[in-house]
Amino acid sequence: MAELARKVKPLLWVWIALLLLLTTSTASAYANLGSFNLIISLTISAIKTAVVATIFMRLGSTSNQGGHTLFRIAACLGLLMLIILFALSNSDFLTTTIYRAPWQSPAEVEVH
Amino acid sequence: MSTATANHFPDQETARVAANFGMWVFLATELLFFAPLLLGYTYCRVAFPQGFAAASRHTEVIIGTLNTAILLTSSFTMAMAVELHTTLSPRIYRLLLGLTALFGVAFLVLKGFEYHTEWEEHLIPGRHFQFEHNYARTAQLFFFLYFVLTGIHAVHLSIGIIWVLLLACRKSKLKNDNLLSNAGLYWHFVDIVWIFLYPLIYLVARHG
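A few points on the structure. The shown structure was predicted, so the numbers you read here are calculated from the model rather than taken from an experiment.

Here we come to the overall build of chain B. Each helix and strand in chain B was counted, giving six helices and zero strands. Taking the principal axes of its C-alpha atoms as reference, chain B extends roughly 65 × 30 × 30 Å. Of the contacts made within chain B by residues no fewer than 6 positions apart, 81% connect residues no fewer than 24 positions apart.

In this section: empty space enclosed by the protein. All chains considered together, the criterion is met by two cavities of 30 Å³ or more. Approximately 100 Å³ is the volume attributed to the largest cavity. Lining the largest cavity we find A:Phe56, A:Met57, A:Arg58, A:Gly66, A:Phe71, B:Asn20, B:Trp24, B:Val82, B:Ser181, B:Gly184, B:Leu185 and B:His188. At the level of elements, helix 1 (12–47) and helix 6 (178–202) of chain B are the ones that each hand at least two residues to the lining of the largest cavity.

Residues and elements named next belong to chain A. Here helix 2 (residues 36–56) spans 29 Å end to end across 21 residues, near enough to the 30 Å set by a 1.5 Å rise per residue. Every buried residue of helix 2 is listed here: Asn 37, Ser 41, Ile 44, Ser 45, Lys 48, Thr 49, Val 52, Ala 53 and Phe 56. The buried residues of helix 2 occupy one face: seen down the axis, they fall within an arc of 165°. One or two positions beyond helix 2, positive phi appears at Arg 58, with a value near 60°.

Let us now look at unusual backbone geometry. With a phi angle near 60°, A:Arg58 is a residue other than glycine that sits in the positive phi range. Exposure remark for A:Arg58: the relative accessible area of 16% places this residue in the buried category. For B:His122, which is not glycine, the phi torsion reads 60° and is therefore positive. Among the structural elements, B:His122 can be located in the loop between helix 4 (90–120) and helix 5 (136–168).

There is about 890 Å³ of room inside the largest pocket. As for the largest pocket, its lining consists of 32 residues, of which A:Thr49, A:Leu79, A:Leu82, B:Leu31 and B:Phe196 are closest to the centre. Listed by contribution, the elements that provide at least two residues to the lining of the largest pocket are helix 2 and helix 3 (69–93) of chain A together with helix 1 and helix 6 of chain B. Ranked by residues supplied to the lining of the largest pocket, first place goes to helix 1 of chain B with 10 residues. A per-class count over the lining of the largest pocket returns 27 nonpolar, four polar and one charged. The calculated volume of the second largest pocket comes to roughly 690 Å³. Residue lining of the second largest pocket: 26 residues in total, with A:Arg58, A:Asn64, A:Gln65, A:Gly66 and B:Glu83 positioned closest to the centre. Only helix 1 (2–29) and helix 2 of chain A together with helix 1, helix 3 (61–84) and helix 6 of chain B provide two or more residues apiece to the lining of the second largest pocket. Top contributing element to the lining of the second largest pocket by residue count: helix 1 of chain A, with four residues. When its residues are assigned to classes, the lining of the second largest pocket shows five nonpolar, 13 polar and eight charged.

Rules used throughout
- Residues numbered from 1 in each chain as written.
- Chains lettered and ligands numbered in written order.
- Predicted model: local features only at pLDDT ≥ 70, side-chain atom pairs only at ≥ 80, totals over all residues.
- Heavy atoms only, no water.
- Helix = DSSP H or I, 4+ residues; strand = E, 2+ residues; numbered from the N terminus.
- Contact = heavy atoms within 4.5 Å.
- 1 Å grid on protein atoms, 1.4 Å probe; cavity = no way out; pocket = protein on both sides within 12 Å on 5 of 7 lines; lining within 4 Å.
- Points joined across faces, edges and corners; volume = space filled by probe spheres on them.
- Expected span 1.5 Å × (residues − 1).
- Buried < 20%, exposed > 50% of the residue type's maximum accessible area, 1.4 Å probe, protein only.
- Arc of directions from axis to C-beta.
- Nonpolar A, V, L, I, M, F, W, Y, C, P; charged D, E, K, R; others polar.

Pasting the structure below:
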């Protein structure tokens, strides 16, 4: 029984924390915080992901607890690939100027 | 597989590490499956902030929030099943897996209602798309991304549901049940994808 409680408690706390974080992100979206709305909601998502990955997916566990260093390496490499995709692609998108052709009307090119 | 150590593994522990590592590598590739869509979303949101804000206000935030809570809870029941499958009776183990699958189905049902609402409001990109004229083009981009992202997520979720149901029909008495732990990893990954999709779709501009 004690062993059961020892295993269940961290999972239960994670679940409660996830629901609290969800409530926080939803509530904060209704407050007018300008650009902080995006920062807060993405930060909360990152925290939720870290919690799910570390505890539910055993990324923070040793071999004896069901984890392994190899899993951490694989997860970090996946994340690194994502960062490379975003960094390289956006370095093009954010620095490219869109030139209007002479025969295009402003309405055609300007988008909201 | 999980009923006996495959011949080329010296012991169960090596087999477990190999199985889970393979799953993690696969999940890393699945992350790159969603990545280009998120890249497109990032570009559009930076380039057309008002259109995206206007479009996001037309999403069903109550269904979205409820779905997020459902998926988070399903991750909890899945983690319980994986963590406790040797400690619990087979019946409770099957109940936990069944609940996980049920939550997944509940998510899909709510998503179906949501898609139907969006169809009625003419928010499906294409010939019959209707939106206020100023933001029509970029709102259509938003909803294109919305339907593809949530659609592909729903496909992943369906695969997870079938996997979990198959596991529930099987009795597991193995200490290292690799099919079960890999299913857990897959389910949590699908949950993580939704954790990021939720604010990007539903919470863009809820204030004012």
